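Results of the structural survey
Listed below are the residues making up each chain.
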Amino acid sequence: MVDFVWNVRSPLQQAVVPGRAGAIVAFSGVKLAEIRDFDLVQIFARRGQREATAKAVKKHYGVEAPAPRQAVFGKGATLIWSGPDQVMALSARKPGTFRPLDAMRESFESIASLSDQSDGRCLIRMSGPQVRSMMAKLTSVDLHDSVFPVGAAATTSIDHAAVNLWRSENSEDGSPVFNVLVFSSFADSIWHTIVDAAAEYGIEIETRPAASS
Amino acid sequence: MASQQMNRLAAGGLIDRTTPLSFTFDGKAMTGYAGDTLASALVANGVKLVGRSFKYHRPRGILTASSEEPNALVELRSGARREANTRATTTELYDGLDALSQNRWPSLGFDVMAVNSLLSPIFVAGFYYKTFMWPAKFWEKIYEPAIRRAAGLGRTSGVADPDHYDKAWAHCDVLIVGSGPAGLAAALAAGGAGARVILTEEDPLVGGRLNSDGGEIDTIPAAEWADAALGELRSMRNVRVITRTAVFGVYDGGTYGALERINDHVPVPAKHQVRQRLWRIVAKRCILAAGATERPIVFPGNDVPGVMMASAVRTYIERFAAVPGKRLALFTNNDDGWKTAETALRAGVEITAVIDARKNVPAHCRALAENGDFALYSGNVAGVRGGKAGISQVEIAMADGRRATVSADTLAMSGGWNPSVGLASHHRGRPKWQAEIAAFVPDGCPPGMTVAGAANGELSLGACLRSGHEAGASAAMDCGHAAARYTAPAATDESVAIAPLWHVEGKQKAFVDFQHDVTASDVALAQREGFESVEHLKRYTTLGMATDQGKTSNVTGLAIMAQLSGRSIPQTGTTIYRPPQVPVAIGAFAGHHRDENFHATRLTPSHHWATERGAVFVDTGLWKRAQWYPLPGEKDWLESVTREVLAVRNGVGFCDVSTLGKIDVMGKDAGVFLDRVYINAFSSLGVGKARYGLMLREDGIVMDDGTTSRLAEDHYYLTTTTAKAGPVMQHLEFCRQVLWPELDVQLTSCTDQWATFSIAGPNTRDLLREIVDPAEDLSNEDFPFMGVREVQLRGGMVARLFRISFSGEMAFEISVLARYGDALARNLMIAGKPFGVTPYGTEALGVMRIEKGHVAGPELNGTTTAGDLGLDKMMSKKKDFVGRVMAGREALVAPNRQVVVGFKPLDKARRLRSGAHVIPRGAPIGPETDHGYVTSVCYSPIVGQWIGLGLVERGRERMGEIVRAHDPLRDEDYEVEICNPCFYDPEGGRQRG
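As the structure is a computational prediction, the values presented were derived from the model and not from experiment. (Residues numbered from 1 in each chain as written. Chains lettered and ligands numbered in written order. Predicted model: local features only at pLDDT ≥ 70, side-chain atom pairs only at ≥ 80, totals over all residues.)

This paragraph deals with the environment of Ala344(B). All names here are of chain B. Mapped onto the fold, Ala 344 is located in helix α9 (residues 335-346). Residue class for Ala 344 comes out buried when judged on the 26 C-beta atoms lying within 10 Å of it. When the C-alpha atoms of Ala 344 and Met 703 are compared, they prove to be 76 Å apart, with 359 residues separating the residues in sequence. (Helix = DSSP H or I, 4+ residues; strand = E, 2+ residues; numbered from the N terminus. Buried ≥ 20, exposed ≤ 12 C-beta atoms within 10 Å, placed from the backbone.)

Next up on the list: the domain arrangement of chain A. Residues and elements named next belong to chain A. The domain boundaries assigned to chain A delineate domain 1 (19-36 + 120-212) and domain 2 (38-116). For domain 1 versus domain 2, the distance between C-alpha centres works out to 24 Å. In this complex, domain 1 contributes 13 residues to the contact, which on the side of domain 2 involves 15 residues. When residues of the side of domain 1 that touches domain 2 are traced back to their parent elements, those giving at least two are β8 (121-127), β9 (153-158) and β10 (161-168). Residues belonging to the side of domain 1 that touches domain 2 are distributed by class as follows: 8 nonpolar, 4 polar and 1 charged. (Domains from an automatic or database assignment. Contact = placed C-beta atoms within 7 Å. Nonpolar A, V, L, I, M, F, W, Y, C, P; charged D, E, K, R; others polar.)

Contacts between the two partners involve 43 residues from chain A and, on the opposite side, 43 residues from chain B. Only β3 (38-45), β7 (112-116) and α4 (184-198) of chain A provide two or more residues apiece to the side of chain A that touches chain B. If one sorts the elements of the side of chain A that touches chain B by residue count, α4(A) sits on top with 9 residues. Looking at the side of chain A that touches chain B residue by residue, the class counts come to 16 nonpolar, 15 polar and 12 charged.

On to the pairing of strand β21 (residues 390-398) of chain B, then. All names here are of chain B. Summarising the sheet, strand β20 (residues 376-387) and β21 pair through 8 bridges and their orientation is antiparallel. Bridged to Arg 385 within β21 is Gln 393. Here β20 folds back onto β21, and the loop between the two strands holds 2 residues. Bridge analysis of β21 against strand β22 (residues 403-407) gives 5 bridges, and the strand direction is antiparallel. By the bridge assignment for β22, Gln 393 is matched with Ser 407. The turn joining β21 and β22, which pair antiparallel and follow one another in sequence, is formed by 4 residues; a positive phi near 95 degrees is taken by Gly 401. (Pairing = 2+ DSSP bridges.)

Each assigned domain of chain B is listed with its residue range as follows: domain 1 (2-128), domain 2 (165-292 + 419-478), domain 3 (299-409), domain 4 (617-658 + 754-848), domain 5 (661-753) and domain 6 (893-993). Domain 3 of chain B and domain 5 of chain B are separated by 80 Å when their C-alpha centres are compared.

Written as structure tokens, this is what we have:
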């Protein structure tokens, strides 16, 4: 009897090559990271249960549920508004686990529907001094500080594929940090589009587990 | 090195004399300086003749110094980068630039096609339409190619563009188009008030005419003021200045198209750099400060090299320190033209005459002539002498009837200024006539736009600055920024008086549109032949077409038409202005989306595994799907596909079906919701069961099908076809949000969450027993047909197992989290090794579904009803559902509808083709005897011949009938038998195992 091995493979396994890419410059204008090993659950309030869901979110995650077009950062999870009555809960995955709903069922029983999207999306984080110039090629969303501050979120599209976009705390170099969740099947293609857009600024690429990001 | 530049002034100009550049024109080596355009470098090198005209191959020189240039079009670069019709006036000089003149053979100096000019009496407007009418079949093969060789502009490279382009979005409060005095004043006011400003400038330098016309602003020389203003703007974090960027279109919702020519001024863009970038700028307000374009006067010989716009002469002298000639004559009808005389005098150019067409030349102009010691003629230019080497003499018809001839190598002309109203008119605005300046000005703008400065007919420097400042401050205020830090910059209001002059009659050709060789007599011919409307005039004569879009010719042409037709200019009106305002390369519109990036692609979780196995992929929508997996030695696809089918039918195989749409349908009303969207019931489905479902569109036609499983009381898992996943999700959301908002239903796409394989064949269970935990019971009793449940896999994995079959074989679908999809494919190969497991692609899948008579995309083609597909028994009579009522319409239930049947060619060796029409035997071919068509075909290894499915009128009553399959597309006609669409195991015993 053979032993079956279940290796995890990211949709970006082939596309993401850590290191420098694009133009050769002293300081990379854009930093790209594929964030791996996260759990992602869509929390979708049942009919008439919006307030109850918001309360359940607060109880479960210890932060207020995000307002429309906002993301909030709790201790264990980032909560991203993703549509009317909908929130995405993003958290680091405990190694080897694959049932993120189990720990949530009790909190949301008959209040919200839960859908595991941990494998349905890839998470790409973009920063660096030229990140806005690069993002201008990818999204029609205005990312100016006055319009899209830290904690802003948008459901929009890149290359005609739906994405969730939000801004987290500025990076150490002071540049803004943008996160996009892309559908896994599109990830390879969108990654190449992103790298194309960033190439002229010089790119630093890495992968990192959600737990250490 | 610089000694070559015989027409370069010793000092002055906004050029960098420390950076000399080498270039060639028609192979001749020349030099220029950084800051030159190709045109200014040619002027500095004394080049007069730069091209041949479109139709008559007349020698032409440089007319302007800006983007409206009609004449000086060159082929730039070589090889794949060869670029036709590049305007020398906007091409920045770079070291090693290689330019060729166009539209001449064998050489620019001696062009055999110049004979066209001698034949010019027949090359008039409408010439092609009149001359090459007969015989009609000659047009495509003989006339058109010949005309295209003789006429036309430059040559394209004919190979793919090696450079990259991209597209980007920008957002601002205030977009300012143009950085002349009005644009700079507007930017300072709006930026100073704190508004987010984008200032675009087509040129590499900001300043517009400030760099060419001298003058003082706030007591500082104008060009220096422009430089200081730029410094100030660059220091503002809320202001972005983008040079080399032309706004080319005004679109809806305050969106503007602009083209940034990032690397047109270098030979080859640096690695990873783009050549050009297309901007979509979203602005709350826009200030059009695009200035004005000086217009030529239509006089005999006005196209001879050496005749140049007066403002261009100033630009070459002031900005580029290059004098177009040594002896200058000036022909003007306005005060502004006289500025050229001042500039020329300062540069030490000899002025041989100023010809002023006005009856009364203003005193300050007369004084200038006296002080400058040059002749002033009141009258018109009646003709010029000279040829390809340039003009030599100017003939003058004086107002008092006398004639005179003066010697000159350059004739500057000024017919007044046309405000650049194009962008203001992109939403069908019609400009209005302003008599004081004898020009059109904008009359109403697209929402959010205001016009400032010369573009609004405010031609003096002082007025430009004031109106720009006011527009900037008020646009900022509109965006919520009140306190402007600046006051309007001040300058004098110089006189711009004009007496309109459009056309001077004479024997020589007088050109209206230089680029398309349209003369004043062509306009007259159009009028005589009834093409009086400006839109007809444009189409008949081609006036105002081509790369310059008539920037120097439109207004003059319509003014001449107005004179001829006895109407006023406002009555005659302008043609419609449409984007693009300046030429835009198609590559810029495509941006990143070319070649393999033409559109996004979707890959399944095991894509790379399939690639390793050498799979051939097919595009299914955006997806790449494995079509078949060729083995070494197989000679064609059919051999591979047949092997895969037989392997499944006789053993076991698996196929990646991760591309099927998957939707979590949740909430306490999920069952009710599905009852309403499917024709059959789902609320009655037990947990742990799957059911085939069919949904209709509101109009009663079939929309999509698939299996839906109930995973929990309040959780269904719905699948769609690959092609319809998006539209079905959209449809369901519409139902949920709009039709039945009262239902407690939540929908989420989980297509990408799961990797799914269909495992099929008599040995399916054997394979599964290898990989599924031994504790799981897969027997018919414990896991019956259409059962669903989660199972443990060996090695610590869980999977969802669905006992459903599309192939007609004993089959399961197995799903794991997408991150394990690659591992699952590899593990299925290991588990199935003892049974000869064979991965199969979409072709084999298709063969098996056709053999089984299952309908798919070709049958669910937007014309078929459930009844047509033989599925009308599924339509529940106990409930309402989307499409129920409309599906009952007379035509949709008519007995003669085309319904799904099977086909077999009588000749077993015959390849059946989809698309063939079904015609009764012995009937003539025509629409009235067309009884249907073949929708899906395959070679069936089971039946041993090509078979197919199709739609045939009253098909179910016609089993066994022999009909013709008529295929005019492939010129085939053969006999086929109509048969039951299920060719394989009609009782279904195999799939129930």
